[in-house]
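If you want the building blocks of each chain, they are given just below.
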Amino acid sequence: MSSVIASTRFSVLDRSRIRAGHDGPGALRDTVAFAREAERLGYHRFWVSEHHSVPGVAGSAPTVLAAAVAAATSTIRVGTGGVMLPNHQPLVVAEQFGVLESLFPGRIDMGLGRSVGFTDGIRRALGHGKEDADAFPERLTELLGYFDGTQRVHPQVHARPAEGLRVPAFVLATGQGARLAAEAGLPLVIAAVRGEDAMLRVIDDYRAAFRPSAWSERPYVVLSGTVAVAATTEEAHRVLLSEAWSTAYSRTRGAFPPLSPAEEIGTLTMTERERALFEEALHGQIHGTEDEVESALEKLLTRSAADEYLVTTSTYDRAALLDSYRRLARVAGLTSASA
């Protein structure tokens, strides 16, 4: 194992994806069981996400799900990737994380994003519009102020029991998120949505603009992405198919569907646009045997000098998914990698 991989933390983000023929409640229970396995394997964090009115995602209430995950585990850090701050009042978010940190001290992370609902209808149901994303800096400042007692937007208002607690905060790099993370002096979570080179330029800008704060003395970069590991390259590629088709479907029909088995996707007749989007979703994903993945990770982590890798892999086949995370734990040399 290379020194760059050995010095990098590896964590998990699970979106509670629903599988075709299964239901949302089952997906949530799968997430809790998955967290126990991630802890056993030695992963550093286990995060859950926030999606609203998405047919293929059960994770709609991340702080509630994080509480269930934390209660079912004992050592792994638990958090959100992330709570979408434009959808919530900062006071309520502070209160929720204050409760989590009080119940599970020293284990809670507060991952924050600036995305709004996927469609106009969802945004109206949430009571927010696209313009609310522009208020993210002010909402972030207010939220952090509830923890350290510095918020002045609402005089004499205090977040109980958050005030006086320290919950690590992270900013997801959607839109202007990287710049905002640098200005606030917070760790950055970023994915190669527009390609690896573009991501590396954003990381460089983040580090150059970073302002040390009471929350973080130095820049901290968490790369986020899919990693699929299997006995053969072909088997690892199959792990990627379910999420790739879901992504292509969503970009042509406006909603993420439940994950389909790889063998069904192989028989689909796709339109030219669907095929192009499907191939695009597969492009650039880290996958292969343990040796192949180790080589790819070493190159990426060396180029980015990232502090941590947040693995976001989803697929229909739960056995293949868990096997992939076990193999990755071996590649990363995690505590229980031989288990």
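Look up a bit, the structure's there.
Residues numbered from 1 in each chain as written. Predicted model: local features only at pLDDT ≥ 70, side-chain atom pairs only at ≥ 80, totals over all residues. Heavy atoms only, no water.

(A) Inspection of helix 8 (residues 196-209) at higher detail. The terminal C-alpha atoms of helix 8, which comprises 14 residues, lie 20 Å apart, in line with the 20 Å expected from a rise of 1.5 Å per residue. Listed in full, the buried residues belonging to helix 8 are Ala198, Met199, Leu200, Ile203 and Tyr206. Its buried side turned inward, helix 8 meets helix 7 (177-184), strand 7 (188-191), strand 8 (221-225) and helix 12 (290-304). (Helix = DSSP H or I, 4+ residues; strand = E, 2+ residues; numbered from the N terminus. Expected span 1.5 Å × (residues − 1). Buried < 20%, exposed > 50% of the residue type's maximum accessible area, 1.4 Å probe, protein only. Contact = heavy atoms within 4.5 Å.)

(B) Quick peek at empty space enclosed by the protein. One pass over the full model with this rule turns up one cavity of 30 Å³ or more. Taken as a whole, the largest cavity holds about 70 Å³ of empty space. Around the largest cavity sit 13 residues that line it, and Asp14, Ser16, Arg17, Thr315 and Arg318 are the ones nearest its centre. At the level of elements, helix 2 (24-41) and helix 13 (318-332) are the ones that each hand at least two residues to the lining of the largest cavity. (1 Å grid on protein atoms, 1.4 Å probe; cavity = no way out; pocket = protein on both sides within 12 Å on 5 of 7 lines; lining within 4 Å. Points joined across faces, edges and corners; volume = space filled by probe spheres on them.)

(C) Layout of unusual backbone geometry. In this chain, Gly81 is followed by Gly82 through a cis amide linkage whose omega measures 0°. Along the chain, Gly82 falls in the loop between strand 3 (77-80) and strand 4 (83-84). Following Arg160, the chain continues to Pro161 via a peptide bond in cis, the omega torsion being 5°. Looking at the secondary structure, you find Pro161 in the loop between helix 6 (136-148) and strand 6 (169-172). In the Ramachandran plot, Gln156 falls in the positive-phi region, its phi being about 70° despite a non-glycine side chain. By the secondary structure assignment, Gln156 is in the loop between helix 6 and strand 6. The residue Ala305 is not glycine, and still its phi comes out positive at about 55°. Judged by its relative accessible area of 45%, Ala305 falls in the partly exposed class.

(D) Quick peek at the packing of aromatic side chains. Scanning the entire structure with this criterion turns up eight aromatic pairs. Summarising the aromatic geometry, the rings of Phe34 and Tyr325 are spaced 4.9 Å apart at their centres and angled 70° between planes, so their arrangement reads as edge-to-face. Of the two residues, Phe34 is situated in helix 2 and Tyr325 in helix 13; the sequence distance between them amounts to 291 residues. Each member of the pair, Phe34 as well as Tyr325, is classed as buried. Residues Trp47 and Phe170 carry aromatic rings whose centres are separated by 5.1 Å and whose planes lie at 75° to one another, so their mutual orientation is edge-to-face. Of the two residues, Trp47 is situated in strand 2 (residues 45-48) and Phe170 in strand 6; the sequence distance between them amounts to 123 residues. Site record: aromatic cluster; members linked through ring pairs are Phe34, Tyr43, Phe46 and Tyr325. Taking NZ or CZ as reference, Arg19 lies 5.7 Å from the ring centre of Tyr316, over its face. Positioned above the aromatic ring of Trp215, the side-chain terminus of Arg166 is 4.3 Å from the ring centre. (Phe/Tyr/Trp six-rings, centres within 6.5 Å; stacked < 30°, edge-to-face > 60°. Lys NZ or Arg CZ within 6 Å of the ring centre and 35° of its normal.)

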